[in-house]
Amino acid sequence: MKEEKFAWKVKAAGRVNIIGEHVDYCGGKVLPAALSLCNTVYVRPNGTDKIHLRWTTLREEVTLDLHRLEEYRSLRYGNYQAGSALFWQRAGHQVIGCDMLQDCTVPFGGGLSSSAAIEVSTIAALAVAAGEAFDPVEVALTAQRAEREFAGVNCGVMDQYASACGRAGQAMLLDCKTLDCKYIPVNTGEYRLILFDCNKPHILAASKYNERRAETEAALERLRPATGIDCLADLPPADLPRAEKLLPPLLFRRVRHVVEECERVRLVCDAMRAGDMPTLGDLLNRSHASLRDLYETTGREADILTAVAREHPACVGSRLTGGGFGGCTVSLVRSDGVEDFEEYVCRRYEKETGLKAVCHAADIADGIAVTRL
Ligand code: GLA
């Protein structure tokens, strides 16, 4: 790859969600942070009406005709880029022919938002190639549309927003109803956040994700007449007993997760501000238990990976991050025990599952970054 042949380098971040899982599409607040794992697009205009795509990690080359972008939904490679270009075009922006080299360091299917990083960086690169200034929030919302309407995952706004608007060293307390975002320094003192990948491909994750989302919508329709709420995140915890009477058991479990997870987001922010790491760790554990028992999005491997993490004395909490059904865990680990923790978790996880867990080293980084080459 010859960087100097391209005109710009545009990157967008993967993300870790510290807490607030499966509440973004219920109007709740979430606490993600953008990661140094990212998708980088090297781009240059090519004077045609085609986008020519290459990857640093694949042999494939794909050409997208700008007049036929809606036809590329089932492409194995290039479908996210096609969807992103299509919805940016439909939003009224100029999309010009260009050559793109894509370089992704976010693990695919690992729950760290590789798809959001690809969508956001591709849209930002298209804007830059066309000589347009862009609004990162508009880029995020367009990327979310591409994920929902092109890739078919009925996602919330968290991943694309974090990928576009993240800031180095800061978590983002994002209100998914209003898009108000407060940046909170990630102060974990003597502790570090460690990411471990279950290393198990998540099969059917998209259809199960869509099923969960449909369940929360069905629950909201049943609760709305009696409670007057517009989104599940607005249901006060004190109203849970009333909700239980109005809902079938499965829908009530889903609602209880959402309401209590929203409460945990508030408590995690307090713990982070106070530097109270044992409380923060305990909240991570409780979030995982709720995803496992009430929301049913974890799976055997993630349950084992978090359980063996909690066995280690340096670890005060561990949970699955992201959409679930496999993917990555985030653990809060005392810095002086990190090396031993990593070795212990790998050994114990392999013994229990026969799989090799992968530890991802990442910092909390900026969302979009554009460099003129
Ligand atoms: C996926 C989705 C997000 C969010 C999480 C679960 O990552 O893309 O919108 O719903 O799952 O918190």
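Note: the structure precedes this text.
Quick caveat: nothing in here was measured; it's all calculated off a predicted structure.

Cut-offs applied
- Residues numbered from 1 in each chain as written.
- Predicted model: local features only at pLDDT ≥ 70, side-chain atom pairs only at ≥ 80, totals over all residues.
- Heavy atoms only, no water.
- Near = heavy atom within 4 Å.
- Polar contact = N/O pair within 3.5 Å; in protein donor to acceptor, adjacent residues only side chain to side chain.
- Areas by Shrake-Rupley, 256 points an atom, 1.4 Å probe, with all protein chains shown as cover.
- Nonpolar A, V, L, I, M, F, W, Y, C, P; charged D, E, K, R; others polar.
- Helix = DSSP H or I, 4+ residues; strand = E, 2+ residues; numbered from the N terminus.
- Buried < 20%, exposed > 50% of the residue type's maximum accessible area, 1.4 Å probe, protein only.
- Contact = heavy atoms within 4.5 Å.
- Pairing = 2+ DSSP bridges.
- Axes fitted to C-alpha atoms, helices over the stretch in contact; angles between N-to-C directions.
- Core = buried A, V, L, I, M, F, W, Y, C linked by side-chain atoms within 4.5 Å.
- Domains from an automatic or database assignment.

A.B. asks: Explanation requested: the site of the ligand in the structure shown.
C.D. replies: The local shell around the ligand consists of Arg 15, Glu 21, His 22, Asp 24, Tyr 25, Cys 155, Gly 156, Met 158, Asp 159, Tyr 209 and Gly 323. Asp 24 is positioned such that a nitrogen or oxygen atom in its side chain is 2.5 Å from an oxygen atom of the ligand. The separation between an oxygen atom of the ligand and a polar main-chain atom of Gly 156 is 2.9 Å. Protein chains shield 93% of the accessible area of the ligand, which is 310 Å² for the free molecule. Of the residues assigned to the shell around the ligand, the class counts are 4 nonpolar, 3 polar and 4 charged.

A.B. asks: Got a minute to help me understand the environment of Asp 234 in this structure?
C.D. replies: On the secondary structure map, Asp 234 appears in the loop between α5 (205-227) and α6 (240-246). Classification of Asp 234 as partly exposed rests on a relative accessible area of 34%. Linking Asp 234 and Arg 310, residues 76 residues apart in sequence, is a C-alpha distance of 32 Å. Ignoring sequence-local partners within four residues, the contact set of Asp 234 consists of Lys 177 and Ile 229. Among the polar contacts made by the side chain of Asp 234, one reaches the side chain of Lys 177 at a distance of 2.7 Å.

A.B. asks: How should I be thinking about the sheet that holds strand β10 (residues 328-334) in this particular structure?
C.D. replies: Two strands in a sheet stick together by hydrogen bonds in their backbones, pointing the same way (parallel) or opposite ways (antiparallel). Here 4 strands make up an open sheet; going across it, the order is β9-β10-β8-β11 and the pairing antiparallel. Among the strands making up the open sheet, the edge pair consists of β9 (315-320) and β11 (358-360). Between one strand axis and the next, the sheet turns through 30° on average, direction left out of account. One ladder, built from 7 bridges, connects strand β8 (residues 191-197) with β10; its direction is antiparallel. Bridging across to β10, Arg 192 finds its partner in Val 333.

A.B. asks: Would you take a moment to explain the nonpolar core for this structure?
C.D. replies: When a protein is soluble and globular, its nonpolar side chains tend to lie buried together. Within the largest apolar cluster, 73 residues are counted, with the highest numbers of intra-cluster contacts made by Ile 51, Met 100 and Val 255. With 8 residues, helix α2 (residues 114-129) is the single largest residue contributor to this core. Inspection of this core shows a minimum of three residues originating in each of domain 1 (3-185 + 365-372) and domain 2 (191-360). Met 100 has contacts with Val 41, Tyr 42, Val 43, Ile 51, His 52, Leu 53, Arg 54, Thr 122, Ala 125 and Leu 126, leaving out every residue within four places of it along the chain. Of all hydrophobic cores here, the second largest spans 18 residues; its members include Ala 171, Val 268, Ala 271 and Leu 332.

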